[in-house]
Amino acid sequence: MAKEKENVITLIDAFKDFKSEKNIDRPVMMGVLKDVFLTQIAKTYGSADNFDVIINVDKGDCEIYQNFEVVEEVEDPVTEITVAEIAAETGDDDYEIGDTYTRKLNLASFGRRGILNIRQNLQGRIMDIEKANVFKKYSDKVGEIFTGEVYQTWKNEVLILDEDGNELRLPKAEQIPGERFKKNETIRTIIKSVEMKNNTTPYIILSRTSNEFLEKLFEMEVPEIYDGLITIKKVVRVPGERAKVAVESYDDRIDPIGACIGVKGSRIMGIVRELRNENIDVLQWTNNPQLLIQRALNPARISSIDLGESPEEKIKVYMQSEEVKKGIGKGGCNIKLAGMLVGREIEVWRELPKDEADEEDVLLSEFSNEIDQWIIDRLEAIGCDTAKSVLALSAADIAKRADLEDETVEEVMQILRSEFEEE
């Protein structure tokens, strides 16, 4: 008996813990508790149809009542009772056939195993509700900035905890290249996605590499963007290297670029530091694709642009040889971002100076029997589409920009020189 009483006390203590510690709405809590008890009643008695469960969340306990129909002869002891049985139980003999008699049940009547089942089921249901609450909470916050403290760092991800102890993860692929985090360090991210995997704890993914993260940082640093006076039309990034942000203002009195940069760069420098010194170009948006390309490839000066006859064609941008390097950028980053900004791939073509225009030159494609096609493709990607455009650059410069071996570059240049020497 003492053991049964101990189990009841343990169960009541569990109610109190859930009431005080779990972030669950009162109606939901009452519904869960009632459902758990009715489930155990059905297991114990075969049915819960003639039972009432009254939950008192404030006190941390519950009352269970079993309703009987008063009959002359009992066929189902779970739902029926005789006048004699009632008199023996309570001393009251005023009941008549057809009346309803209600008996209050003690928790101990479920037995040790029954109480253990109730407790386990209750814990399971509460955990399910908590998971659902966390999932909804963060699903509603996808795309918002999240600031948290690093709890653990691993090779492939960083674990961050929120104020409630929920786990959020920053995978390696969502970290800016070269970033290193320490335990207890506070970091800023954006909530990228929330998933439920096999009914486990919600898997919350954070990101520092998404375009939306940079956009949110601008909203935080530039009041005019937050207030809607300036609109961010498009953001493109190569995380850790460079980004381009196209902005537009519907108020002619506001300079959108100046507002984003701030006095002496005060606004944009905070964003640059947050992104580990990622270079950020802010440019004014336009629906004119040629003008947008010119702004995107700034400071390179463009001689002409060929948009082609269809959106599927690559855009050809012609530049003087001294402008090509600036237009392509380090590792081709600038030209890649410009293409992402306009939504089409851009090729840089070297335009010969007027005094060289009449001189004979040879397209690299003419050397396909002597030079591998993949090498030609690499050279054309950096704006070198003719023999003389390659020879105009140093071997070291070509090797670096086209990502070729020094020996390969020397072989190519020797082949190209021999073409003109034969003349």
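Attention in this report is confined to the structure presented alongside it. Here the residue numbering is sequential within each chain, running from 1 through the sequence in written order. Only residues with pLDDT of 70 or above have their local features reported here, since the model is predicted, and side-chain atom pairs are shown and tallied only from 80 upward, although totals for entire chains, interfaces and linings are computed over all residues. Side-chain calculation: all heavy atoms of the structure are included, whereas hydrogens and water are not.

## Section: a negative patch on the surface
Here's step 1: The grouping of Asp403, Glu405, Asp406, Glu407, Glu410 and Glu411 at the surface amounts to a negative patch.
Here's step 2: In this description a helix means any DSSP run of H or I spanning at least four residues, a strand means any run of E spanning at least two, and both kinds are numbered starting from the N terminus. With respect to the element layout, Glu411 can be found in helix H16 (residues 406–421). Any residue with relative accessible area above 30% and no salt bridge may belong to a patch, with like charges joined within 9 Å and the nonpolar Val, Leu, Ile, Met, Phe, Trp and Tyr side chains within 5 Å. The protein chains shown are the only cover counted for residues, whose accessible areas, like all others here, come from Shrake-Rupley with a 1.4 Å probe. A carboxyl oxygen of Asp or Glu within 4 Å of a side-chain nitrogen of Lys or Arg is what we treat as a salt bridge. Note on charges: Lys and Arg go in the positive column, Asp and Glu in the negative column, and His and the chain ends are not counted at all. Think of each charge as sitting on NZ of Lys, CZ of Arg, CG of Asp or CD of Glu.

## Remarks on the environment of Lys326
Here's step 1: Relative to the assigned elements, Lys326 resides in helix H10 (residues 321–328).
Here's step 2: Look at Lys326 and you get partly exposed, because its relative accessible area is 38%.
Here's step 3: Contact definition: two residues touch when any of their heavy atoms are within 4.5 Å. If we ignore the near neighbours within four places in the chain, the residues touching Lys326 are Pro299, Ala300 and Asn334. Three exposure classes are used, based on accessible area relative to the maximum for each residue type with a 1.4 Å probe and protein chains only: buried under 20%, partly exposed in between, and exposed over 50%.

## What to know about the pattern of salt bridges
For side chains of opposite charge, pairing can occur when their charged atoms come near one another.
Here's step 1: What the rule picks out here adds up to 25 salt bridges.
Here's step 2: Among the salt bridges present, the one from Lys314 reaches Glu345, with a minimum N-O distance of 3.6 Å. Of this pair, Lys314 sits in the loop between strand E13 (304–306) and strand E14 (315–320) while Glu345 sits in the loop between helix H11 (333–342) and strand E15 (346–351), and the two are 31 residues apart along the sequence.
Here's step 3: Overall, Glu345 belongs to the partly exposed group, its relative accessible area being 49%.
Here's step 4: Connected through salt bridges with shared partners, the residues Glu179, Arg188, Arg208, Glu274 and Arg276 form a single ionic network.

## Section: the sheet that holds strand E10 (residues 230–238)
Here's step 1: With mixed pairing, the 3 strands of this open sheet are ordered in space as E10-E11-E12. A strand with exactly one partner marks an edge of an open sheet, and here the two such strands are E10 and strand E12 (279–284). Averaged over all pairs of adjacent strands, the angle between their axes in this sheet comes to 20 degrees, without regard to strand direction.
Here's step 2: Only the stretch in contact is used when fitting a helix axis, every axis being a line fitted to C-alpha atoms; angles between N-to-C directions are given from 0 to 180 degrees. Sitting on the sheet, helix H9 (residues 289–296) touches strand E11 (242–249) and E12, and the angle it makes with E12 is about 150 degrees. We call two strands paired when DSSP finds no fewer than two bridges between them.

## Some details on the sheet that holds E14
Hydrogen bonds between backbone atoms are what pair the strands of a sheet, whose relative direction is either parallel or antiparallel.
Here's step 1: Taken in spatial order, the 3 strands of this open sheet run E13-E14-E15, and their pairing is mixed. Of all strands in the sheet, those bounded by a partner on one side alone are E13 and E15. Sheet twist, expressed as the average angle between the axes of neighbouring strands with direction ignored, equals 25 degrees.
Here's step 2: Bridge analysis of E13 against E14 gives 3 bridges, and the strand direction is antiparallel. Among the inter-strand pairings, Ser304 is bridged to a residue of E14, identified as Tyr318.
Here's step 3: Of the strands in this sheet, E14 and E15 are in contact with H10, which crosses E14 at around 130 degrees.

## Some words on the pairing of E11
Here's step 1: Burial of E11 is extensive: 8 of the 8 residues sit out of reach of the surface.
Here's step 2: Judged from the 8 bridges that link them, E10 and E11 form a sheet pairing that is antiparallel. Within E11, the position partnered with Val236 by the bridge is Lys244.
Here's step 3: If you look at the hairpin formed by E10 and E11, you'll find 3 residues sitting between the two strands, and Gly240 has a positive phi there, around 85 degrees.
Here's step 4: For E11 and E12, the ladder comprises 6 bridges, and the chain directions are parallel. Opposite Arg242, over in E12, you have Asn279 as the bridge partner.

## With respect to unusual backbone geometry
Here's step 1: Geometrically, the link from Asn298 to Pro299 is a cis peptide bond, its omega value of 15 degrees lying close to zero.
Here's step 2: Summarising the element assignment, Pro299 is placed in the loop between H9 and E13.
Here's step 3: One non-glycine residue, Asn184, adopts positive backbone phi at about 75 degrees.
Here's step 4: With respect to the helices and strands, the residue Asn184 is situated in the loop between strand E7 (167–171) and strand E8 (186–195).
Here's step 5: By relative accessible area, Asn184 is classed as partly exposed at 47%.
Here's step 6: In this structure, Asn277 takes a positive phi of about 65 degrees despite not being glycine.
Here's step 7: Considering the arrangement of structural elements, one finds Asn277 in the loop between helix H8 (266–274) and E12.
Here's step 8: You can call Asn277 exposed: its relative accessible area is 55%.

Coordinates in, geometry out; function isn't part of it.
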